[in-house]
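Working through the structure, step by step
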Amino acid sequence: MSRFAARPNDRQRGGRRIAAPIAAAHALRRKPVARATSRGAVVGAVAVLLAGAPGSADAASSDPVVSGVTVNSGHDVIVGITQNVAFPVTVTGADDSGLSFVDVDLKGPHGGFYTTDAFCESATACTTVFTVNAHPAPGSDDPVDLANANAGTWSVDALVDANDGDSVFAPGVGSFGLKRAARLTVNASPEPVAKGAPVTVTGKLVRADWDTYRYAGYAGRAVKLQFRPKDSSSYTTVGTVNTNNTGNLRATVKAVKDGYWRWNFTGSTTTGPARATGDYVDVRP
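Residues numbered from 1 in each chain as written. Predicted model: local features only at pLDDT ≥ 70, side-chain atom pairs only at ≥ 80, totals over all residues. Heavy atoms only, no water.

**As for the sheet that holds strand β4 (residues 65–71)**
Pairing within the open sheet is antiparallel, and its three strands lie in the order β4-β6-β9. Lying at the two open borders of the sheet, with one neighbouring strand each, are β4 and β9 (125–132). Strand-to-strand twist in this sheet, taken as the mean axis angle between neighbours without regard to direction, amounts to 20°. Across eight bridges, the pairing between strand β6 (residues 85–94) and β9 is antiparallel. Bridging across to β9, phenylalanine 87 finds its partner in phenylalanine 130. (Pairing = 2+ DSSP bridges. Helix = DSSP H or I, 4+ residues; strand = E, 2+ residues; numbered from the N terminus. Axes fitted to C-alpha atoms, helices over the stretch in contact; angles between N-to-C directions.)

**As for the packing of aromatic side chains**
One pass over the structure, following the stated rule, counts eight aromatic pairs. Taking 5.9 Å as the distance between ring centres and 20° as the angle between the ring planes, the aromatic pair formed by phenylalanine 87 and phenylalanine 130 counts as stacked. Pair noted here: phenylalanine 87 is in strand β6 and phenylalanine 130 is in strand β9, with a separation of 43 residues, a long-range link. We note that phenylalanine 87, like phenylalanine 130, is buried. With a centroid separation of 4.9 Å and an interplanar angle of 75°, the aromatic rings of phenylalanine 101 and phenylalanine 119 are classed as edge-to-face. Here the residue phenylalanine 101 occupies a position in strand β7 (residues 99–107), and phenylalanine 119 occupies one in strand β8 (residues 113–119), the gap between them amounting to 18 residues. (Phe/Tyr/Trp six-rings, centres within 6.5 Å; stacked < 30°, edge-to-face > 60°. Buried < 20%, exposed > 50% of the residue type's maximum accessible area, 1.4 Å probe, protein only.)

**Some points on the nonpolar core**
Membership of the largest hydrophobic core comes to 31 residues, with the highest contact counts inside it found for Leu106, Leu146 and Leu178. If you list the elements that add at least two residues to this core, you get β4, β5 (77–79), β6, β7, β9, β10 (152–162) and β11 (167–180). What leucine 178 contacts, discounting residues up to four positions off in sequence, is Val77, Val79, Val132, Leu146, Ala151, Gly152, Trp154 and Trp210. Grouped together as the second largest cluster of nonpolar side chains are 24 residues, Leu184, Tyr218, Leu249 and Trp263 included. (Core = buried A, V, L, I, M, F, W, Y, C linked by side-chain atoms within 4.5 Å. Contact = heavy atoms within 4.5 Å.)

**Some remarks on the environment of lysine 195**
Within the element layout of this structure, lysine 195 appears in the loop between β13 (193–194) and β14 (198–209). Residue class for lysine 195 comes out exposed when judged on its relative accessible area of 58%. Between the C-alpha atom of lysine 195 and that of lysine 257, which follows or precedes it by 62 residues, the distance is 7.1 Å. Aside from chain neighbours lying at most four places away, what touches lysine 195 is Ala255, Val256, Val283 and Arg284.

See below:
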């Protein structure tokens, strides 16, 4: 199970806090990638020295390496206000003995922190699963996992163990976006409408507020107004409108043909994308 902490010395495990010494002990196991040293290589060197020979029967093993990480299959992690969101983190690498275990830390803005570990599913890949949320645990007085300030770009640290006992720590091996969920509505009127007459398209952009567990208007954001003709399968952007201070949208267009109107928000550094379901307008001669 993933564990969250708002501060490095005040972590939670499954919604419960874990002591700071655990985190400290966890850190002591780590060694930077650039300074990784194979214990097998050290033993081999000692054997050569004692035997006075130029070589050794015990071949030095290679150090494990971390080649990369994939978070949520390459997609942003989008979190609302009521549901847990689970996503995989796969660390890839190599060692002559094969990889055996991984410990992954996720670090975000304003002290956001999650950690979990898992056995590797193959000699070159290790997948952990994180569960995050922005709502309090039922019947619990513990602080919630996420706050609005935690939204943004998160980094990934990985500590990987090999089957021969070697390990390597790869700080900042990857990054991903952990974002607040957004929603959009649309209404196009009047319906039906005479050809050439004005059509007013309204809507509202809201996003998850991780501090209050509600959706609130997202102000000052550029949102695309798009139209799809009745006999087409694709939308075309006809204009861009900024939301007002409560997240509302409004635009007036000319009725030309039957079709669907919608708003499309592409997202921001802290908030995921949202698209409204198209609202059909019947245009009559």
